[in-house]
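Chain by chain, the residues run as shown.
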Amino acid sequence: MGDLLDLLAVWMPRQRWYGTKGRDPRLTVVADWTLDAGARLLLVRDEAVQPAIVYQVPIARRPEGSVPPGSLIGPASDDEVWADATTDPGFTAQLYSWVTVGGEVGTPENGFLGIALASPGGRTPASTATAKVLSGEQSNTSLIFRPDAADDAQDAGIPVICKLFRQVNPGINPDVELQSALAAGGAAFVPAAIGEVRGSWVTPEGVPVSGSLAFAQEFFAGVEDAWRVALDAAAADEDFAARAHALGASVAGMHVALAAQFPTREPDESDRAAVAGAWERRLSIALAEVPALAPYADRIREVYATAAAAPWPALQRVHGDLHLGQVLDTAANGWVLLDFEGEPLRPIAERLQPDVAVRDVAGMLRSFDYVSGAVADDDGAAVRAWVIAAQQAFLAGYAETAGADRLVDDALLDAFELDKAVYEAIYETRNRPDWVGIPLAAISRLAPLA
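Residues numbered from 1 in each chain as written. Predicted model: local features only at pLDDT ≥ 70, side-chain atom pairs only at ≥ 80, totals over all residues. Heavy atoms only, no water.

Novice: In this structure, what is going on with the UniProt feature "domain: Maltokinase N-terminal cap" (unreviewed entry) in the chain? I would like to understand it.
Specialist: Summarizing the sequence annotation, UniProt attributes the feature "domain: Maltokinase N-terminal cap" (unreviewed entry) to residues 11-88 in the numbering used throughout. Secondary structure within residues 11-88 divides into 1% helix and 46% strand; the distance between the first and last C-alpha atoms comes to 17 Å. (UniProt positions renumbered as here; feature names shortened; annotations may be inferred. Helix = DSSP H or I, 4+ residues; strand = E, 2+ residues; numbered from the N terminus.)

Spelled out as structure tokens, the structure:
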């Protein structure tokens with residue numbers, strides 16, 4: 001095991017889902033499940049950062065030369081190698097069986113994998129399917145399972161996408177919890193839930209815990225996300241008001257359903273203080289890294305102070321990381337919302353707490369605003385007008401479905417939108433300096449100088 005951990009310590013930092021870039025991993029094994037066809041499923045704890053992160057790493061022992069590019073971890077013997085099992089047919093077939101049929105593996109001594117099947121809501125997966133890893137993912141690994149039966153077969157079943165959570169935490173992942181609840185309630189604006197995988201392990205303190213390892217849901221093939229749809233519409237100067245209105249209604253429907261299915265509570269002073277403190281911490285970082293923000297600092301703080309004193313709606317479960325890229329444009333269901341994990345960098349305990357629904361609304365408004373920076377326009381006037389019209393239509397659709405009182409006060413929405421723009425200014429300065437003008441322009445509108 002020591003040699004394997006040494007190989008993983010070299011391989012893991014090169015993966016997009018590894019969350020502690022710039023540090024050498026310090027790995028220990030948390031759980032080790034032996035599977036069929038020469039595969040193993042590992043949970044490894046990385047103590048290079050505190051609190052330590054537990055990663056899920058499925059591996060397979062395969063003949064040298066048989067491993068797809070990018071999957072090679074390192075040598076296992078003279079003629080075999082360790083490989084990332086997400087590209088191994090034996091492991092992917094096992095994973096598909098777990099989420100569509102069920103099963104269990106392991107013993108109390110090394111933890112167990114238990115499968116809790118969700119209600120597919122009338123959408124039936126195929127009995128067998130071929131897997132392909134979805135490219136472009138960052139914090140997780142998703143596999144698309146397409147039915148092996150002929151496309152015209154009546155019992156071919158639906159395609160399935162299964163998200164393998166790379167960072168594992170005790171408790172149910174909010175992506176599993178929220179989407180399963182919404183799908184079970186009959187919501188058409190989320191995919192049908194198929195099944196999930198849960199595992200158990202023991203903490204360093206000797207406490208047995210369990211958590212979500214994978215989640216499968218219906219896959220919509222041949223569709224585009226709302227970001228691409230919006231970009232194409234803005235580039236062609238096509239009216240997007242009706243589509244934006246419908247998207248606002250879908251987001252509102254999500255919030256109404258979540259408030260009905262999960263506990264809500266009125267915010268107290270500690271809640272307000274926590275949110276306001278987060279705003280201030282982010283602003284302090286931004287002022288240190290984005291010099292162009294300095295003239296706006298006092299005005300930004302005034303907007304925050306006004307919002308902190310304004311009426312707030314009841315706190316409830318929310319999406320937590322909503323933007324146009326988290327929405328699919330489907331023919332059968334209209335707009336479909338995805339990825340309810342929340343912001344990956346926020347601690348899981350925070351993401352499971354009731355929050356202000358306006359956070360999701362602000363995130364979508366900021367996403368629309370980014371269209372203005374991604375679409376070429378000689379003077380910017382036309383695409384800016386398109387963005388404003390889309391944002392207004394989105395808000396109208398939201399208010400008509402959720403009720404205007406859910407936005408409560410423009411000051412609160414302004415503050416969340418401003419906080420998001422401040423975060424974007426930090427991100428763009430660090431990663432895409434040519435784009436920093438987009439959030440800076442938004443900040444100048446939301447916190448205008450006298």
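Novice: Which parts of the structure should I look at to understand the nonpolar core?
Specialist: A general trend in soluble globular proteins is that nonpolar side chains are found buried together. Judged by nonpolar contacts, the single largest core of 77 residues is most densely connected at Phe240, Leu247, Ile300, Phe368, Val371 and Trp386. Examining the composition of this core, we find that 9 residues originate from one element, helix 11 (residues 410-431), more than from any other. Once residues lying within four places of it in the same chain are set aside, the contact partners of phenylalanine 240 are Val229, Ala230, Ala233, Trp335, Phe368, Trp386 and Ala390. If you look at the next biggest cluster of nonpolar residues, it comprises 31 residues, including Val30, Leu35, Leu43 and Ala129. (Core = buried A, V, L, I, M, F, W, Y, C linked by side-chain atoms within 4.5 Å. Buried < 20%, exposed > 50% of the residue type's maximum accessible area, 1.4 Å probe, protein only. Contact = heavy atoms within 4.5 Å.)

Novice: Whenever I open this one, the environment of alanine 83 confuses me. Can you help?
Specialist: Relative to the helices and strands, alanine 83 resides in strand 5 (residues 80-84). For alanine 83, a relative accessible area of 4% gives the class buried. Between the C-alpha atom of alanine 83 and that of valine 209, which follows or precedes it by 126 residues, the distance is 28 Å. When near neighbours in sequence (up to four residues on either side) are disregarded, alanine 83 contacts Pro58, Ile59, Ala60, Val67, Ser71 and Ile73.

Novice: Honestly, the sheet that holds strand 15 (residues 327-330) in this entry has me stumped. Any pointers?
Specialist: Remark on secondary structure: sheet strands pair via backbone hydrogen bonds, oriented parallel or antiparallel. Pairing in this open sheet of 3 strands is antiparallel, and the strands run 14-15-16 from one edge to the other. Edge strands, defined here as strands with exactly one partner in the open sheet, are strand 14 (224-225) and strand 16 (334-337). Across 2 bridges, strand 14 lies against strand 15 in antiparallel orientation. Its bridge partner being in strand 15, glutamate 224 is matched across the sheet by aspartate 329. (Pairing = 2+ DSSP bridges.)

Novice: Mind showing me how you'd approach the pairing of strand 8 (residues 129-133) here?
Specialist: For a regular strand, side chains alternate in direction, first toward one face of the sheet and then toward the other. Bridge analysis of strand 8 against strand 9 (residues 140-147) gives 5 bridges, and the strand direction is antiparallel. Considered in strand 9, the bridge of threonine 130 is made with arginine 146. Taking the residues between adjacent antiparallel strands as the criterion, strand 8 and strand 9 are bridged by 6 residues, where glycine 136 takes a positive phi near 90°.

Novice: Please explain the environment of glycine 199 as it appears in this structure.
Specialist: Along the chain, glycine 199 turns up in strand 12 (residues 193-202). With 20 residues separating them in the primary sequence, glycine 199 and phenylalanine 219 have C-alpha atoms 24 Å apart.

Novice: Sorry if this is basic, but what is going on with the packing of helix 9 (residues 358-374) against helix 10 (residues 381-402) here?
Specialist: Orientation of helix 9 relative to helix 10, taken along the N-to-C sense of each, is 160°, at an axis distance of 8 Å. Here helix 9 lies roughly antiparallel to helix 10, going by the angle between them. In this structure, the crossing between helix 9 and helix 10 has a hand that is right-handed. Where helix 9 abuts helix 10, its residues Val361, Met364, Leu365, Phe368, Asp369, Val371 and Ser372 lie against Val383, Arg384, Trp386, Val387, Ala390, Gln391, Phe394, Leu395 and Tyr398. Grouping the amino acids of the contact of helix 9 with helix 10 by side-chain chemistry returns 12 nonpolar, 2 polar and 2 charged. (Axes fitted to C-alpha atoms, helices over the stretch in contact; angles between N-to-C directions. Parallel < 35°, antiparallel > 145°, perpendicular 65-115°, else oblique. Left-handed = near helix turned anticlockwise from the far one by under 90°. Nonpolar A, V, L, I, M, F, W, Y, C, P; charged D, E, K, R; others polar.)

Novice: How do you make sense of helix 6 (residues 269-289) when you look at a structure like this?
Specialist: Since the α-helix packs 3.6 residues into each turn, any two residues three or four apart lie on the same face. Helix length check: helix 6 (21 residues) gives 30 Å between terminal C-alpha atoms against 30 Å at 1.5 Å per residue, within 8%. Within the sequence span of helix 6, burial applies to Asp271, Arg272, Val275, Trp279, Leu283 and Ala286. Here the buried residues of helix 6 occupy an arc of 105° about the axis, which is enough to place them on one side. Of the residues in helix 6, the exposed ones pointing more than 90 degrees away from the buried face are Glu269, Arg281 and Ala288. In this structure, the buried side of helix 6 is in contact with helix 7 (297-309) and helix 11. (Expected span 1.5 Å × (residues − 1). Arc of directions from axis to C-beta.)

Novice: Explain the pattern of salt bridges to me, please; I cannot follow it from the model alone.
Specialist: One side chain can pair with another of opposite charge once the charged atoms of both are near each other. For the structure on display, the rule yields 22 salt bridges. With its nearest N and O atoms 2.7 Å apart, the salt bridge here joins aspartate 355 to arginine 359. Three or more residues are tied together by salt bridges with common partners; here these are Arg366, Asp369, Arg384, Glu424 and Arg445. (Salt bridge = Lys/Arg side-chain N within 4 Å of Asp/Glu carboxyl O.)

Novice: Honestly, the packing of helix 9 against helix 11 in this entry has me stumped. Any pointers?
Specialist: How two helices pack is summed up by the angle between their axes together with the distance between the axes. Remark: helix 9 packs on helix 11, axes separated minimally by 9 Å, with the N-to-C direction vectors making an angle of 55°. Judged by the inter-axis angle, helix 9 sits oblique to helix 11. Crossing hand, helix 9 versus helix 11: right-handed. Residue-level contacts link Val358, Arg359, Val361, Ala362, Leu365, Arg366 and Tyr370 of helix 9 to Leu412, Leu413, Phe416, Glu417, Lys420, Ala421, Glu424 and Glu428 of helix 11.

Novice: Just to check I follow, could you spell out the packing of aromatic side chains for this structure?
Specialist: For any pair of aromatic rings, the description rests on two quantities: the centre-to-centre distance and the angle between the ring planes. Applying the stated criterion across every chain, the model contains 12 aromatic pairs. Each residue in the set Phe240, Trp335, Phe368, Trp386 and Phe394 is aromatic and connected to the rest through ring pairs, giving one cluster. Here the guanidinium or amino end of arginine 317 rests over the ring plane of phenylalanine 262, the centre of that ring lying 5.3 Å away. Sitting over the ring of tryptophan 435, arginine 432 keeps its end group 4.3 Å from the ring centre. (Phe/Tyr/Trp six-rings, centres within 6.5 Å; stacked < 30°, edge-to-face > 60°. Lys NZ or Arg CZ within 6 Å of the ring centre and 35° of its normal.)

Novice: Any chance you could explain the pairing of strand 5 here in plain terms?
Specialist: Most of strand 5 is tucked away: 4 of the 5 residues are buried. Two elements, strand 3 (residues 53-63) and strand 5, share 5 bridges in a ladder whose sense is antiparallel. Within the sheet, the bridge partner assigned to proline 63 lies in strand 5 and is glutamate 80. Both strand 4 (residues 72-75) and strand 5 contribute to a ladder of 3 bridges, which runs antiparallel. From the neighbouring strand, leucine 72 faces strand 5, where its bridge partner is alanine 83.

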